[in-house]
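Breakdown of the fold
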Amino acid sequence: MGWLRARSACGHPRSNLTTVKLLGRKKTQDESADNAAMASAAADAGPSAGETQRVTRTGPKGRPTPKRGAARGTAKKGPIAPAPLTAAEARARRKSLEGPKLSREERKEQRTTNRSRMTDRRERMMAGDEAYLLPRDQGPVRRYVRDIVDSRRNLLGLFMPTTLTLLFMTFGVPQLQLYLSPAMLLVVAIMGVDGLILGRKVNRLVDAKFPSNTESHWKIGLYAAQRASQMRRMRTPRAQIERGGSVE
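Now for a look at the structure at hand.

What counts and how
Residues numbered from 1 in each chain as written. Predicted model: local features only at pLDDT ≥ 70, side-chain atom pairs only at ≥ 80, totals over all residues. Heavy atoms only, no water. Helix = DSSP H or I, 4+ residues; strand = E, 2+ residues; numbered from the N terminus. Buried < 20%, exposed > 50% of the residue type's maximum accessible area, 1.4 Å probe, protein only. Contact = heavy atoms within 4.5 Å. Areas by Shrake-Rupley, 256 points an atom, 1.4 Å probe, with all protein chains shown as cover. Expected span 1.5 Å × (residues − 1). Arc of directions from axis to C-beta. Axes fitted to C-alpha atoms, helices over the stretch in contact; angles between N-to-C directions. Parallel < 35°, antiparallel > 145°, perpendicular 65-115°, else oblique. Patch = residues over 30% accessible without salt bridge, like charges linked within 9 Å, V, L, I, M, F, W, Y side chains within 5 Å. Salt bridge = Lys/Arg side-chain N within 4 Å of Asp/Glu carboxyl O. Lys, Arg positive; Asp, Glu negative; His and termini not counted. Charge placed at Lys NZ, Arg CZ, Asp CG, Glu CD. Left-handed = near helix turned anticlockwise from the far one by under 90°. Phe/Tyr/Trp six-rings, centres within 6.5 Å; stacked < 30°, edge-to-face > 60°. Lys NZ or Arg CZ within 6 Å of the ring centre and 35° of its normal. Core = buried A, V, L, I, M, F, W, Y, C linked by side-chain atoms within 4.5 Å.

**Focus: the overall build of the protein chain**
The helix and strand inventory of the protein chain stands at 11 helices and zero strands. Scanning the protein chain from its N terminus toward the C terminus, one meets helices and strands in the order α-α-α-α-α-α-α-α-α-α-α. Scored against the burial criterion, the 248 residues of the protein chain give a buried share of 17%. Considering only residue pairs separated by 6 or more positions, the protein chain has 66% of its internal contacts joining residues 24 or more positions apart. Looking at the protein chain as shown, the accessible area adds up to about 20000 Å², and 60% of this sits on carbon and sulfur atoms.

This is the structure we're talking about:
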């Protein structure tokens, strides 16, 4: 210990002084001069790459970014109603937003008008009016596909009644479940084959009548099979051609 103390006291006096200065973090006149020289050199060198990039990014706006206080001052503000504290206040606010209160006769007349309007829209849709059809049913191609499906007898139309009958028989007579399960699989296979045949036929007729059609064969065949699997009375829109009729 004595040797280390003697060496630190006599061997390196300048390094000890530098260490004390660094620990104290006190700037001397030389350090202040060095900092000033570095600041002037940076100012003469111009903006750095980061600053240039920021200037390039904000340039296309054509105007400086407003301060937060200025933006809040120019923002449009309106009175904010306090939240209702009770259910009665909520009902009162809802009634005020709904408008003037209608009498019983006016409400009845409004319901009648809405019902008649909805009925008219449904009738037009069922009749095949293009303006009231769903997006999946719109277009001359889809109309032609519907006419082809409605003009022939399809095994797919018996899918729903047959399936419901087999299910009721399974629940009513559990002893037949062993035989009804293979029968249901057989029905599904037959309906699938009939759907494939129908899809191929519909796509062939559509290609002959609409050569410029760009819709995929898969979508057209699936649409035809889906319509054929529904009972004739439940099809939407309503069938516009009789069974066995000619499709132009």
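**Comments concerning helix α9 (residues 159-172)**
Taking 1.5 Å of rise per residue, 14 residues should cover 20 Å, and α9 covers 20 Å from first to last C-alpha, within 8% of that figure. Where α9 is concerned, the buried positions are Thr163, Leu166 and Thr170. The buried residues of α9 occupy one face: seen down the axis, they fall within an arc of 65°. The exposed set on the far side of α9, more than 90 degrees from its buried face, consists of Phe168, Phe171 and Gly172. Here the buried face of α9 lies against α10 (177-209).

**Here we look at the packing of α9 against α10**
Orientation of α9 relative to α10, taken along the N-to-C sense of each, is 170°, at an axis distance of 10 Å. Viewed along their axes, α9 and α10 adopt a mutual orientation that is roughly antiparallel. In this structure, α9 uses Phe159, Thr162, Leu166, Leu167, Met169 and Thr170 to contact α10, whose residues at the interface are Gln177, Leu180, Ala183, Met184, Val187, Val188 and Met191.

**Describing a positive patch on the surface**
On the surface, a cluster of positive charge is contributed by Arg91, Arg94, Lys95, Lys101, Arg104, Arg107, Lys108, Arg111 and Arg115. Of all the secondary-structure elements, those providing two or more residues to the positive patch are α6 (87-98) and α7 (104-126). If one sorts the elements of the positive patch by residue count, α7 sits on top with five residues. Among the structural elements, arginine 94 can be located in helix α6. Under the relative-accessibility criterion, arginine 94 is labelled partly exposed at 44%.

**Examining helix α8 (residues 140-150)**
Of all the 11 residues making up α8, nine are buried; the element is thus mostly covered by neighbouring parts of the structure. When α8 is considered as a whole, its buried residues turn out to be Val141, Arg142, Tyr144, Val145, Arg146, Asp147, Ile148, Val149 and Asp150. Buried residues along α8 sit against α10 and α11 (217-228).

**Observations concerning the packing of α10 against α11**
Running from N to C, α10 and α11 point in directions that differ by 125°, and their axes come no closer than 8 Å. As judged from the angle between their axes, α10 and α11 are oblique. Both α10 and α11 take part in a crossing whose hand is right-handed. Contacts between α10 and α11 involve Leu198, Gly199, Val202, Asn203, Val206 and Asp207 from the first element and His217, Ile220, Gly221, Ala224, Ala225 and Ala228 from the second.

**Some thoughts on the packing of aromatic side chains**
Applying the stated criterion across every chain, the model contains one aromatic pair. The interplanar angle of 75° and the centroid separation of 5.8 Å between the aromatic rings of tyrosine 144 and phenylalanine 210 together place this pair among those described as edge-to-face. Pair noted here: tyrosine 144 is in helix α8 and phenylalanine 210 is in the loop between α10 and α11, with a separation of 66 residues, a long-range link. Here arginine 142 stacks its cationic end above the ring of tyrosine 223, 4.5 Å away from the centre of that ring. Of note, lysine 209 hangs over the ring of tyrosine 144, and the distance from its end group to the ring centre comes to 5.4 Å.

**Focus on the nonpolar core**
One finds Val145, Leu198, Val202 and Val206 to be the most contacted residues of the largest nonpolar core, which totals 18 residues. Mapped onto this core, the elements with two or more residues apiece are α8, α10 and α11. Considering every element that reaches this core, the biggest residue donor is α10, with six residues. Sequence-distant contacts of leucine 198, defined by excluding residues within four places in its chain, comprise Val149, Arg152, Asn154, Leu156, Ala224, Ala225 and Ala228.

**A word on a nonpolar patch on the surface**
Together, Met160, Leu164, Leu167, Phe168, Phe171, Met231 and Met234 make up a nonpolar patch on the protein surface, roughly 730 Å² of accessible area in all. Structurally, methionine 231 is set in the segment after α11.

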